[in-house]
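What follows is the residue order along each chain.
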Amino acid sequence: MIKSLGRILQQSYLEDLNPYSEKIDPTMNQPLFPMKPQFNLTSNLLFNQRRIISLLGGVFALAMTSFPVQAAEKVSLAFGQAKISVSVKALETYAKSGTIEPELKSFLLLLNSEDQQQFKNVLLDKHQIDSVMVSQFLNSPTGALFLNKLGDIIESETDSLNLSTVENGSQAIKIALIRANQDAEGITLLNILRQFPSPEIQLNTQKIFQLREQLNTQVQQTNSVITEIVKLSLEESTLSPTVNFSKKPDLRQVGDFDVTQKTLTLTDPKRQRKLTVDLYIPTPLSTVKRGKTNAIPVIIISHGLAANRTNYSYLGQHLASQGFFVVLPQHPGSDTNQLQAWLSGQASDGFQVSEFIDRPLDIHFLLDELEHLNTMEFQGQLNLKKVGVAGHSFGAYTALALAGAELDFNNLKKECTSTFNSVNLAQIFQCRALELPQEKYQFRDQRVQAIFIINPVNNSIFGQQSLSKIQIPVFWKTSGKDNVAPVAWEQVRSYTWLTTPNKYFLLAEGDHHIYLNLTAMNQSVSASLKEIVAPVPEPVNDYIRAFSLAFFEVYIDQDSTYQPYLQATYAKTISQEAYPLSLVRSLSLDQFLQAVKHVKTPGNSHNN
């Protein structure tokens, strides 16, 4: 039920984490408490008990990874003027002997019998976390941002001159985590509470309620938006011309060309930045377009945060086998090597904030280098005036920037002023861009003429005004279970902001942002990244193979015979039961807003 902060931070930098892995029942639409709860143990506090333990357990879990300092004496939940408080000593007695002190009875009314046993186990569950990892995260800029937001929920109470003050608990959480990690007992919730450097730990119930409502609303809005997309896709399929795809080439299959893989090391002298690049070359190259000059289409694929160029080698191989010249660069400040250096204490953070600038500049530089190589090594056969770019997550951000989306610092400031928002982890990541010099950056490269993006982080850093400037074709693939970049507000709404006439939105239900091997993570916090990252299911890879091929054939190689594949009927044809596909083009902002408007929220009949 509860993950340690060590696992949470490790997952977050792997881009596929869902820090709150509890399953939320989308049918439970009512709030745990009303917005202004009345302190009534027999009604309000017993209402929807399982949801309460899930929420409180998740909140405690974030603080439950390593804490030692002074022992906190009490843990409190405030409800208006009333407060439920329990001593840490009573919690320890309960966990070790099962004895319920009188002061604990009211507290345990929050939990049913099954959850009480879970809570007891949580108090004593012990975790071993690498001390360097804990220190690196807590002292990194990303860690500071995360702790500050978490401190809005887990507050510390201090007394000075007989005046009690409740303040953001970020520093107390940080101290407690570091000290607990050094203590012989290790990381348990009880040990964390003992070491919390404040006589009282207070949970900000108003913000807990807000967080709960965000989680509930996200689930419902996601379901509503997905339902709308499925409906629109079915409508589009009925209006599309009938195509017998069984008599057409299967785009998921390997093409006719053999593929040669070649690795280059390039250095940009302007930035003193070294890039390792894999080329996937259809062989023999001279037969691809009969040796014509400026004819072979070129695709560049940008990997996500904490990933590397090999993550999309399967796609490089596939497109090259179909006659594309494919280039996979590795971005050194936001790749696997950077993450590993950070976790081992050799780097100050899991990614360098300058990567928001360096990544698109990497592609500019790479295209310049390819123009030189085209003359020297490839007999001028490559078409570098009309290049396609694909990317996942941070790589998709890179593609959007190259397509013409500009960093919108005003929008970013507005989005980043909110308090703890577990619902959109991508926003915390994007907020780091506020550390950049707030200038007008121009990343548009006219050689990039179409982009294929997968689960992009985009909403806060670009915003509507910036995304609407993109005028080249865009294919946008998203995952129904993306808990990093939420489907409704980070993906679908952003797609509706695009004004380019050639845009496509592909939804794969059941798919995730990235996949983790949870067994390996539970067995060892120090498991290698190779062990932790699970392979993407092959049906999902097949979707990407097929649609990226069709999209780039139409808009980069300008072969209109592939246009029938870019419609809803083809999505339904290759859709697999575990990951149902829906493809739409007609999705508008008004349709999106109508879908989320139907989701009821506490205190309002509908969302505004």
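Computed from a predicted structure; not experimentally measured.

About the cut-offs
- Residues numbered from 1 in each chain as written.
- Predicted model: local features only at pLDDT ≥ 70, side-chain atom pairs only at ≥ 80, totals over all residues.
- Heavy atoms only, no water.
- Axes fitted to C-alpha atoms, helices over the stretch in contact; angles between N-to-C directions.
- Helix = DSSP H or I, 4+ residues; strand = E, 2+ residues; numbered from the N terminus.
- Parallel < 35°, antiparallel > 145°, perpendicular 65-115°, else oblique.
- Contact = heavy atoms within 4.5 Å.
- Nonpolar A, V, L, I, M, F, W, Y, C, P; charged D, E, K, R; others polar.
- Phe/Tyr/Trp six-rings, centres within 6.5 Å; stacked < 30°, edge-to-face > 60°.
- Buried < 20%, exposed > 50% of the residue type's maximum accessible area, 1.4 Å probe, protein only.
- Pairing = 2+ DSSP bridges.

A.B. asks: Help me understand the packing of helix α6 (residues 131-138) against helix α8 (residues 170-182), please; the structure alone is not making it clear to me.
C.D. replies: The relative placement of two packed helices comes down to the angle between their axes together with the axis-to-axis distance. In contact at an axis separation of 10 Å, α6 and α8 are set at 170° when each is read in the N-to-C sense. When the interaxial angle is binned, α6 and α8 end up roughly antiparallel. When α6 is examined against α8, the residues Ser131, Val134 and Leu138 are found in contact with a partner set consisting of Lys174, Leu177, Ile178 and Asn181. Broken down by class, the residue content of the contact of α6 with α8 amounts to four nonpolar, two polar and one charged.

A.B. asks: Explanation requested: the packing of aromatic side chains in the structure shown.
C.D. replies: How two aromatic rings sit relative to each other is set out by the distance from centre to centre and by the angle between their planes. Per the stated rule, a full pass over the model turns up 31 aromatic pairs. Relative to Phe356, the ring of Phe351 lies with its centre 6.1 Å away and its plane at 80°, an arrangement referred to as edge-to-face. Each member of the pair, Phe351 as well as Phe356, is classed as buried. Seen in terms of ring centroids, Tyr397 and Phe462 are 5.3 Å apart; in terms of plane orientation they differ by 10°. Their pairing is stacked.

A.B. asks: Help me understand the sheet that holds strand β14 (residues 581-584), please; the structure alone is not making it clear to me.
C.D. replies: Backbone-to-backbone hydrogen bonds pair the strands of a sheet. The strands run either parallel or antiparallel. The sheet built from nine strands is open, its strands ordered β6-β7-β9-β8-β10-β11-β12-β13-β14 with mixed pairing. The open sheet has two edge strands, β6 (258-268) and β14, and neither has a second partner. The sheet shows a mean angle of 20° between the axes of neighbouring strands, taken without regard to direction. In this structure, strand β10 (residues 382-392) lies alongside strand β11 (residues 448-454), joined through six bridges in parallel fashion. When the sheet's bridge partners are listed, Val389 is paired in β11 with Ile451. Contacts from helix α14 (residues 394-403) reach β8 (296-302), β10 and β11, with the element oriented near 155° to β11.

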